[in-house]
Amino acid sequence: MKIHRTAKTAFQALMRNPMRAVLTTLGIIIGVGAVITMMEIGKGSSSAIQKSIANMGANTILILPGPAAGGGVSFGAGTAMNLTPKDYEAVLGECTSVASAAPIVRARTQVVYGNRNWIPASIIGSTPSFLEVRNWMNLSEGEVFTDRDVLNANKVCLLGQTLVRELFQNESPVGKEIRIKNVTFRVIGVLAAKGANMVGSDQDDILLAPWTTIKYRVTSTSLVTSNVTSASDTSFSVNTLNRLYPGGELSPYPKQSAVQTANNPMPVRFTNVDQIMASAVSTEEIPNAMKQITEVLRERHRIRQNEPNDFNLRDMTEMTRTLASTTTLMTNLLLFVALISLVVGGVGIMNIMLVSVTERTREIGLRMAVGAKSRDILRQFLAESVVLCLVGGGIGILLGRGGSYLVKLFLNWPVENSIGAIAAAVIVSGSVGIVFGFYPAWKASRLDPIEALRYE
Amino acid sequence: MKLIELKNIIKTYRLGDMDVPVLRGISLSISSGEFVALMGSSGSGKSTLMNIMGCLDRPTSGEYWFDGQEAGSLSADERALFRNRSMGFVFQNFNLLPRASAVENVAMPLTYTLEHVTDKEVRKRAVEMLLHVGLHDRLEHQPSQLSGGQQQRVAIARALINRPPVLFADEPTGNLDSATSKEILEMFNQLNKEDGITIIIVTHDVIVARHARRIISIADGLIVDDKT
C-alpha cells in the first residue's frame, strides 16, 4: 500500500470519531506543548545564567610569558619578555575560536589628583578590546579611548569606581586631569562597578589607559631605546651635540660598515607586553582556542617540535566546570519532565487504540477477508496512532510556542526559541505513536478473520 | 472445468482436551459457472466448509484444489492474496465500513492489491461496479443512509471489484425481508448467467436454496444430499 493511501485511510478512520480523536490527542498536545515551553524557558534561563557566568570572565584565557632565568636563578612565571604586540595581533587574526584579545601592560605606581593620591591595585595599559574580553562594555560615564589613542600613545585614561571614590569623592572625574609619575592623563570615562572577583580582590580599583602610553610614558622605557639595534645608533642618541647641529655627523666613534654590522649582530629587543588576554567564542570553544593559540605562538616564537613552550596559558577551569554542570543539570531536568509527560500521553494513545481495535474487530475481519495481510492491518493501525501523535505534536508545537511567548510577555522571563526542541518534539511524538501504537496494532493483526467477522 | 475440488476434507476444533469434529471427510467438486447452495441446519458444518473453500480457514487434513492449485496448505499471506484476487465475499450483516461512502466501501479491497493504480482510476472502477449492481444514484451515500437491500448491493459490488471467478455468500438474505431477498437472489442469478461467475451460497433456508441450480445438503459434517 502506498504511504499516502495508508495515511488517508488512517485519517478517514480517525475522522469517523472526531471527538475521541481530539481527546486522545490532547495528551500528546499537552505533553509536546509543555516540553516546548519548558525547553524554551529552560534554554532562555540557561543562557541567561551562562551570560552572567561569562561576565565573571569564564571564557577568558590568559597568555603569560614563560619564566626568565639567568645564571641558574629563575625569576618565576611571567618574567620572560617575549610576548609582543605582534603576538597579540596574530592571536586575534589567526585563531578562529578567539572572539577578542587584548595586550596588557601593568604598572604599579601612585596616581595623584589635586591634594589626594592613591595607589590603584592595577594600572592596566591595553586596547579598547580589553573591555570586550572582560565583558565590561558598559561605562557609567564618559567614553572609551580608541585604537587611535593607542597608536598615538595619547594620555587618556578610564577609572574604576574605587579610584573615582578615593580621588574625586563625589565629583565627576570626566574631563579632569590626573598625574601618574608626573605624566598628566585626562580622564575620559568611568567604568561601571564590577565588585570583587572570585578570590575577593577589588576589580574596581583600576586605571585603564592605552598600553602604549603606560609602556612608553609611564614605565619610562622609550620606543627608541628599546629598539636599539646597533652600538653606533646608541652613541648617536646619547651624544648631545646632535642637538646643536642637527643633520651633522658628529659621532665620536667610527661608524660600522654593513659587513661589520652583519658580522656582529646585536640581539634584537622587541617591544614586549606583560601578558595577553583572550576570550574564547564560547565556553565549549575554550580548549580549541587554547590549542590554536599554542600553535600560533609556537610558530611565531620559532619553537621546535620537542622544545617546551616559552609561554603559559591559563583558563578559568573552575568557572567553566561550574558553567558546564549548571547547563547539563538544567537540560537533564527538562528532559526528564519531557519524558514523563510524553509517556503519559503515549499511554493515553495506547489505551484508546486498544478500545478502537476491539470496537472495529468486524472491520478488521472484513479487511482480512477481502485480502488484507496481517502486516497491512498492523500498518493501518500503526499509521493511525502515528497520525494522531504527529497531529498532536504539531498542535503541541503551536501551543508550546504560544505558551512561551505568553510567559515572555507577561512574566518577562528570558525565553529563547529552540528549533532543536521543535525537531525533537516531532521526532519524539512520532516515535511515541509507533511505540505505543505497536501493541494495539499487533493485537489487531493477530486476529483470526473468521472470529473477527463473527464478533458482535 | 473443475474450479473447486475437495478431497476428503476433515476439520476438527480443539475445545479443551476434546477434539470436536466439524467436517468428517468431505469430497466435492464444483465446476466453473455453477450456482451452488450449501444447505444445512446450524451446527452442520456448512459455514466451516465455506470458510475452507474461501481460504479463510485451513482444513485439518485433506486436499483442497482451487483452479488447479493446492490451496489447503498455503501460508496466511498467500491465502490473503488468494482471497483478494480470486474470491469475493458477501455476508449476512453486510459488513460495510460505517461513515464511509458507497464508493469508498467498494474501492476498499483495491487498496490491498493495486498499488500502481491512481486514486482516480480506483474510483472509476468502483463507480462502474456500483452501476453494475444498479446503485447509480447512491454513490456518495453512507451505509446508514441506505436500505438493507442497497447495503447488500454495495457489499456485492465490493466483492466483485477484483473480478473474482467465485463469489461466496454466507446467508446473504438473512437480514432482509422477502421482497428484497428475492431481488438480491435475482442479482446473483444474473451475475451467474451473464458474467459467468461461480456462486456459492450458504443458507439454512430452503426457499433461498431453491434459487440455486445445485443444492448440496450437509448434516453432521458429511454431505447427505447433492442434487442438481
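Residues numbered from 1 in each chain as written. Chains lettered and ligands numbered in written order. Predicted model: local features only at pLDDT ≥ 70, side-chain atom pairs only at ≥ 80, totals over all residues.

Asks: Can you walk me through the overall build of chain B in this structure?
Replies: Counting its regular elements, chain B contains seven helices and 10 strands. Partitioning the intrachain contacts of chain B with sequence separation of at least 6 by distance along the chain shows that 70% fall at a separation of at least 24. (Helix = DSSP H or I, 4+ residues; strand = E, 2+ residues; numbered from the N terminus. Contact = placed C-beta atoms within 7 Å.)

Asks: Looking at this structure, how should I read the sheet that holds strand 4 (residues 61–66) of chain B?
Replies: The strands making up a sheet associate through hydrogen bonds between their backbones, and the pairing can be parallel or antiparallel. Residue and element names in this part refer to chain B. The strand order across the open sheet formed by four strands is 2-1-4-5, and the pairing between neighbours is antiparallel. Edge positions in the sheet fall to strand 2 (18–31) and strand 5 (69–70), since each of these pairs with one other strand and no more. Two strands pair when backbone bridges link them, and strand 4 and strand 5 are joined in this way by two bridges, in the antiparallel orientation. Bridge assignment links W65 to a residue of strand 5, and that residue is E70. (Pairing = 2+ DSSP bridges.)

Asks: Help me out: how do you make sense of the confidence of the model for chain A in this one?
Replies: Detailed reading of the predicted coordinates is not advisable wherever pLDDT is low. Taken residue by residue, chain A gives an average pLDDT of 82. The fraction at 70 or more is 90%. Predicted confidence is poor over residues 221–239 of chain A, with pLDDT under 50, and the contacts of this stretch with residues over four places away or in other chains come to 28 contacts. (pLDDT = per-residue confidence, 0-100.)

Asks: I keep staring at the interface of chain A and chain B and nothing clicks. Help me out?
Replies: With 20 residues of chain A in contact, the opposing surface of chain B contributes 22 residues. Contributing elements (two or more residues each) for the side of chain A that touches chain B: helix 1 (3–15), helix 14 (361–369), helix 15 (374–411) and helix 17 (449–454) of chain A. Among the elements that make up the side of chain A that touches chain B, the one with the highest residue count is helix 14 of chain A (five residues). Its residues placed into classes, the side of chain A that touches chain B shows nine nonpolar, four polar and seven charged. (Nonpolar A, V, L, I, M, F, W, Y, C, P; charged D, E, K, R; others polar.)

Asks: It is not clear to me how the packing of helix 1 of chain A against helix 15 of chain A should be interpreted in this structure. Could you clarify?
Replies: Two packed helices can be described by the angle between their axes and the distance between those axes. All names here are of chain A. Interaxial distance between helix 1 and helix 15 falls to 9 Å at its minimum, and their mutual angle equals 70 degrees. One element, helix 1, and the other, helix 15, form an angle in the roughly perpendicular class. Contacts from T6, A7, T9, A10, F11, A13 and L14 in helix 1 reach R379, Q380, A383, E384, V387 and L388 in helix 15. Split into classes, the residues belonging to the contact of helix 1 with helix 15 amount to eight nonpolar, three polar and two charged. (Axes fitted to C-alpha atoms, helices over the stretch in contact; angles between N-to-C directions. Parallel < 35°, antiparallel > 145°, perpendicular 65-115°, else oblique.)

Asks: How do you make sense of the pairing of strand 1 (residues 2–15) of chain B when you look at a structure like this?
Replies: The side chains of a regular strand alternate, residue by residue, between the two faces of the sheet. All names here are of chain B. Sheet analysis places strand 1 next to strand 2, joined by 11 bridges and oriented antiparallel. Among the inter-strand pairings, K2 is bridged to a residue of strand 2, identified as S31. Here strand 1 folds back onto strand 2 in antiparallel fashion, the turn holding two residues, of which G16 has a positive phi close to 65 degrees. As paired strands, strand 1 and strand 4 are joined by five bridges and run antiparallel to one another. Paired with I10 across the strands is S61, a residue of strand 4.

Asks: Is there a simple way to explain the environment of E141 of chain A in this structure?
Replies: Residue and element names in this part refer to chain A. Tracing the backbone shows E141 in strand 8 (residues 139–142). In this structure, the C-alpha to C-alpha distance between E141 and P173, residues 32 residues apart in sequence, is 9.1 Å. Residues within four places of E141 in sequence aside, it is in contact with S172, V174, G189 and V190.

Asks: Explain the packing of helix 15 of chain A against helix 16 (residues 419–445) of chain A to me, please; I cannot follow it from the model alone.
Replies: All names here are of chain A. Their axes nearest at 7 Å, the elements helix 15 and helix 16 cross at an angle of 150 degrees. Taken together, the axes of helix 15 and helix 16 are roughly antiparallel relative to one another. Read as a crossing pair, helix 15 and helix 16 show a hand that is right-handed. Its residues placed into classes, the contact of helix 15 with helix 16 shows 20 nonpolar, 10 polar and one charged. (Left-handed = near helix turned anticlockwise from the far one by under 90°.)

Asks: Any chance you could explain the nonpolar core here in plain terms?
Replies: For soluble globular proteins, nonpolar side chains are generally found buried alongside one another. V35 of chain A together with L38, V106, L130, A157 and I199 of chain B are the most contacted members of the largest nonpolar core, which totals 115 residues. At 11 residues, helix 2 (residues 18–55) of chain A tops the list of elements feeding residues into this core. Setting aside its immediate chain neighbours within four residues, L130 of chain B contacts A102, V103, V106, L135, H136, L139 and A157 of chain B. Y88, V91, L158 and I214 of chain A belong to the second-largest nonpolar core, a separate cluster that totals 54 residues. (Core = buried A, V, L, I, M, F, W, Y, C linked by C-beta atoms within 7 Å. Buried ≥ 20, exposed ≤ 12 C-beta atoms within 10 Å, placed from the backbone.)

Asks: In this structure, what is going on with the pairing of strand 7 (residues 166–170) of chain B? I would like to understand it.
Replies: Residue and element names in this part refer to chain B. Taking burial as the measure, the five residues of strand 7 include five buried ones, the bulk of the element. Burial along strand 7 is two-sided: V166, F168 and D170 and L167 and A169, pointing in opposite directions, are all buried. Summarising the sheet, strand 6 (residues 87–90) and strand 7 pair through four bridges and their orientation is parallel. Bridge assignment links G88 to a residue of strand 7, and that residue is L167. With five bridges joining them, strand 7 and strand 8 (residues 198–203) adopt parallel strand pairing. Bridging from a neighbouring strand, L167 pairs with I199 of strand 8. Tracing the backbone out of strand 7, into helix 6 (residues 178–194) and back to the parallel element strand 8 gives a crossover that is right-handed. (Right-handed = clockwise from strand over helix to strand, strands pointing away.)

Asks: Would you mind going over the sheet that holds strand 8 of chain B with me for this structure?
Replies: Residue and element names in this part refer to chain B. Taken in spatial order, the six strands make up an open sheet running 6-7-8-3-9-10, and their pairing is mixed. Of all the strands in the sheet, the pair left with one neighbour each is strand 6 and strand 10 (222–227). Averaged over neighbouring strand pairs, the angle between their axes works out to 20 degrees when direction is ignored.

Asks: Could you clarify how one ought to interpret helix 15 of chain A in this entry?
Replies: Spacing of three or four residues puts side chains on the same side of an α-helix, whose turn is 3.6 residues. Here helix 15 of chain A is 38 residues long and its end C-alpha atoms lie 53 Å apart, about the 56 Å a rise of 1.5 Å per residue gives. N412 of chain A lies just past helix 15 of chain A and shows a positive phi near 65 degrees. (Expected span 1.5 Å × (residues − 1).)

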